[in-house]
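Take a look at the letters that make up each chain.
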Amino acid sequence: MELIQQLVNGISLGSIYALIALGYTMVYGIVRLINFAHGDVFMIGSFVGFYAVTMLHVGFVPALLLAMASCAVLGMIIERIAYKPLRNAARIAVLITAIGVSLLIEYVTIYLRGAQPEAYPSTLLPDRNLELFGIVISSQSLFILGTSLVLMVLLQFIVHRTKIGKAMRAVSHDAEAARLMGINVDNTISATFAIGSALAGAAGVIFGIYYTKIEPLMGILPGLKAFVAAVLGGIGIIPGAMVGGLLLGVIESLVSGLGYSLWRDGAAFVILILILIFRPAGLFGKNVREKV
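Reference entry: report on the structure contained in this document. (Residues numbered from 1 in each chain as written. Predicted model: local features only at pLDDT ≥ 70, side-chain atom pairs only at ≥ 80, totals over all residues. Heavy atoms only, no water.)

1. Re a nonpolar patch on the surface
Reasoning step 1: A cluster of nonpolar residues, Ile-92, Leu-95, Ile-96, Ile-99, Leu-103, Tyr-107, Leu-217, Ile-220, Leu-221 and Leu-224, forms a patch on the protein surface that exposes about 840 Å² of accessible area.
Reasoning step 2: Counting residues per element, the ones that place at least two in the nonpolar patch are helix H4 (91–113) and helix H9 (220–233).
Reasoning step 3: Here the nonpolar patch gets six residues from one element, more than from any other, and that element is H4.
Reasoning step 4: Within the secondary structure layout, Ile-96 lies in helix H4. (Patch = residues over 30% accessible without salt bridge, like charges linked within 9 Å, V, L, I, M, F, W, Y side chains within 5 Å. Areas by Shrake-Rupley, 256 points an atom, 1.4 Å probe, with all protein chains shown as cover. Salt bridge = Lys/Arg side-chain N within 4 Å of Asp/Glu carboxyl O. Helix = DSSP H or I, 4+ residues; strand = E, 2+ residues; numbered from the N terminus.)

Right, here's the structure in full:
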């Protein structure tokens, strides 16, 4: 029973990692860029949701939508200002810029509001324990998991059933050929950043509800873990990011359940080292052709 309990907790946590990892993998699939500022977009989404709840007095869904919209706009601004001018630059220049943007977001946030942590109201999503076959499951965990799954399914629909999704897949395969076919590559890249950032914003609100406490440097560790999840599943592959995030959450919960809670963060990076050594393409790298 304890094992099943840890699996439930791990899947809930993993769904948050998966939402953040989707942004990494979508951007990499389009422009071959690891956007290390993505974890800080997640942090901004968490704060937008918090202020929407505490200052505007809205419920969970309006706060979630507001955070997603704000982060989508922020993602497009970052792409246009920081990354677009460097599209044909050396990879190291883009990488350094991504780290610089990350630090800029963190310390502008600290400058504007201070470094003190905040706490999401515990009444936003009432938490009740549900007992099923002897397993105690938090209603909050189930709601978080359900919200994450809905967003993942919506992303799959956008990518495979909409015009912008087809444009994204075309650009990921061959940007120049897509341009010759009349696809606006710049707008497609901006849309990719917007969608990925919106998912990170949603993850920020969900994370705030799950862990309660948020602060300006909170995006660093979840952002790195989500990157590990994207590499685990196969960077650039959307189903891989989903599976990688869920697997990472389950592994962390099992490590904690075995009494090694101090090692749970280290487990993610041990997985990264092992996956790079034994299967650099990730779990889905050889089986899935589509990059997005």
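Past the structure itself, the notes keep going.
2. A closer look at the packing of aromatic side chains
Reasoning step 1: As enumerated under the stated definition, the model contains 10 aromatic pairs in all.
Reasoning step 2: A centroid spacing of 5.3 Å and a plane angle of 70 degrees characterise the contact between Phe-60 and Phe-143, whose relative ring orientation is edge-to-face. Highlighted residues: Phe-60 in helix H3 (residues 60–83) and Phe-143 in helix H5 (residues 139–161), separated in sequence by 83 residues.
Reasoning step 3: A ring pair is formed by Phe-207 and Tyr-211, whose centres lie 4.6 Å apart and whose planes are at 40 degrees; its orientation type is tilted. Within this pair, Phe-207 and its partner Tyr-211 are both found in helix H8 (residues 185–211), separated by four residues, close to a single helical turn.
Reasoning step 4: Put simply, the rings of Phe-42, Phe-207, Tyr-210 and Tyr-211 pair up and form one aromatic cluster. (Phe/Tyr/Trp six-rings, centres within 6.5 Å; stacked < 30°, edge-to-face > 60°.)

3. Overview of the environment of Lys-213
Reasoning step 1: Here Lys-213 is to be found in strand E4 (residues 213–214).
Reasoning step 2: Residue class for Lys-213 comes out exposed when judged on its relative accessible area of 52%.
Reasoning step 3: Each C-alpha atom of the pair Lys-213 and Ala-175 lies 42 Å from the other, and the pair is 38 residues apart in sequence. (Buried < 20%, exposed > 50% of the residue type's maximum accessible area, 1.4 Å probe, protein only.)

4. Some thoughts on the pattern of salt bridges
Reasoning step 1: This structure, assessed with the given rule, holds nine salt bridges.
Reasoning step 2: One salt bridge in this structure joins Arg-80 and Glu-79, with 3.5 Å as the shortest N-O distance.
Reasoning step 3: Taking relative accessible area as the criterion, Arg-80 reaches 35% and is therefore assigned partly exposed.
Reasoning step 4: With its nearest N and O atoms 2.4 Å apart, the salt bridge here joins Lys-225 to Asp-265. Linking Lys-225 in helix H9 with Asp-265 in helix H11 (residues 264–278), this pair joins segments that are 40 residues apart in sequence.
Reasoning step 5: Judged by its relative accessible area of 4%, Lys-225 is buried.
Reasoning step 6: It is possible to trace a salt-bridge network through shared partners that takes in Glu-79, Arg-80, Lys-84, Arg-87 and Asp-186.

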